[in-house]
Amino acid sequence: MLLIIGSVIVIASVLGGYVLHGGSLMVLWQPTELLIIFGAALGSFIIANPLHTVKEVFSGILRLLTGSPFNKSYYMDLLSMLYEIFDKSRKQGVMSIEEDIDNPESSQIFSRYPAIMKSKELLSFITDYLRIISAGNLATHELEGMMENEIDSRQHELEEPAHAVNKIADALPGLGIVAAVLGIVITMNFLSEGPERIGLSVAAALVGTFLGIWMGYGFVGPTSIAMEHAAKYELKAYECVKSAIVATVSGQAPQMAIEFGRKALPTDKRPDFQELNDHVRSK
């Protein structure tokens, strides 16, 4: 929603101000300039990035439009699920959660949290480390170090699409200049046709520079920043899981372990203690 609202404000402010100043919108409609700028931008984007990054960029933009799933409700479900796992492990022994870990789709615990089940990478992160805990006597600092290394790798993966989009934003003003230069080259053919024809051709060429700068700084650049923010909220889920698992391995009770996880969440989406406690009990 914020992406749409922001885009409307950018369009209304720039084009509204242009029209109020006496400009004609029809002059800005230059399909060939758009083809040059955005065609070149798309081609350079495909050249610069592997296929999985290209797919992640389009998926990330779609998530911005539909809304990120990593909100307060998601985090509360995540902590509630971890509480149930820790509680079962504490009461019935570590081996009691093996079946839940090996088959989360059929687990009575995991299946109660469909939002978490949709996050395949996070679910794999959780089950992998629960399996490591149940399989061996790994020291707490060793487990924490292993988890931090994986989170660092995941951070790079989550931020890669945003960085790819940001590079395109940086390139768009230059591609706008390319379109403008080509427009001036075409204008040279009209030198014998009078100032009116030359003026229209120069205006069309300058539109290329305008579009490249406007799209780069008004839309594509801010979109890359929004994608970075979305990646950070997803990464916080991993840090939450890490803090909770390390706490439970250190001997903390399930209620205290998820409190460690809660404190790792961003403050704007962090449930308070009583809110989380009520949610866990309701589950």
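Everything numeric in this text was worked out from a predicted model, so none of it was measured.

## Description of the overall build of the protein chain
Next, step 1: In terms of helices and strands, the protein chain carries 12 helices and 0 strands.
Next, step 2: Each helix and strand of the protein chain, placed in order from N terminus to C terminus, yields the pattern α-α-α-α-α-α-α-α-α-α-α-α.
Next, step 3: Whereas a compact globule of 283 residues would reach a radius of gyration of roughly 19 Å, the protein chain reaches 26 Å, over 25% beyond that.
Next, step 4: Sequence-distant contacts in the protein chain: of pairs separated by 6 or more residues, those separated by 24 or more amount to 74%.
Next, step 5: Of the roughly 15,200 Å² of accessible surface on the protein chain, 62% is carried by carbon and sulfur atoms.
Next, step 6: Averaging the locations of the 22 positively and 31 negatively charged side chains of the protein chain gives two centres separated by 6 Å.

## A short note on the packing of helix H5 (residues 72-92) against helix H11 (residues 254-263)
Next, step 1: Remark: H5 packs on H11, axes separated minimally by 9 Å, with the N-to-C direction vectors making an angle of 150°. Considering their axes alone, H5 and H11 lie roughly antiparallel with respect to each other. Considering how the two elements wind past one another, H5 and H11 form a crossing that is right-handed. Side by side, H5 and H11 meet where Leu79, Leu82, Tyr83, Phe86, Asp87 and Arg90 of the first sit next to Pro254, Gln255, Ala257, Ile258, Gly261 and Arg262 of the second.
Next, step 2: Class assignment for the residues of the contact of H5 with H11 results in 7 nonpolar, 2 polar and 3 charged.

## Considerations on the confidence of the model for the protein chain
Next, step 1: Summing up the model confidence of the protein chain, the mean pLDDT is 91 and the portion of residues at 70 or higher is 100%.
Next, step 2: The least confident element of the protein chain is helix H2 (residues 25-28), whose mean pLDDT is 86; the most confident is H11, at 95.

## Points about the packing of helix H8 (residues 120-135) against helix H10 (residues 195-249)
Next, step 1: At their nearest, the axes of H8 and H10 sit 11 Å apart, and the two run at 15° to each other. As judged from the angle between their axes, H8 and H10 are roughly parallel. Viewed along their axes, H8 and H10 form a crossing whose handedness is right-handed. Where H8 approaches H10, its residues Glu121, Leu122, Phe125, Ile126, Tyr129 and Ile133 are matched on the opposing element by Ala237, Tyr238, Val241, Lys242, Ile245 and Val249.

Conventions we followed
- By convention here, each chain's residues receive numbers from 1 onward along its written sequence.
- With pLDDT at 70 or above as the cut-off, local features in this predicted model cover only qualifying residues; side-chain atom pairs require 80 or more to be listed or tallied, and sums for whole chains, interfaces and linings still use all residues.
- Note that the side-chain values use all heavy atoms of the structure and ignore hydrogens as well as water.
- In this description a helix means any DSSP run of H or I spanning at least four residues, a strand means any run of E spanning at least two, and both kinds are numbered starting from the N terminus.
- The atom set for the radius of gyration is the C-alpha atoms, and the globule formula is 2.2 Å times the number of residues raised to the power 0.38.
- Whether two residues are in contact is decided by their heavy atoms, any of which lying within 4.5 Å being enough.
- In these tables, accessible area is a Shrake-Rupley quantity obtained with a 1.4 Å probe, and a residue counts as shielded only by the protein chains included in the view.
- Neither His nor the chain ends is counted toward charge; the positive residues are Lys and Arg and the negative residues Asp and Glu.
- A charge is said to be at NZ when it belongs to Lys, at CZ for Arg, at CG for Asp and at CD for Glu.
- Angles shown run from 0 to 180 degrees and are taken between the N-to-C directions of axes, each axis being a line fitted to C-alpha atoms and, for helices, limited to the stretch in contact.
- Throughout, the term roughly parallel applies to angles under 35 degrees, roughly antiparallel to angles over 145, roughly perpendicular to angles from 65 to 115, and oblique to all others.
- Left-handed is the label given to a crossing in which the near helix is rotated counterclockwise from the far helix by less than a right angle, and right-handed is the label when the rotation is clockwise.
- As a working rule, the residues Ala, Val, Leu, Ile, Met, Phe, Trp, Tyr, Cys and Pro are called nonpolar, Asp, Glu, Lys and Arg charged, and the rest polar, with Gly in that last group.
- Confidence scores labelled pLDDT are given residue by residue by the predictor and lie between 0 and 100.

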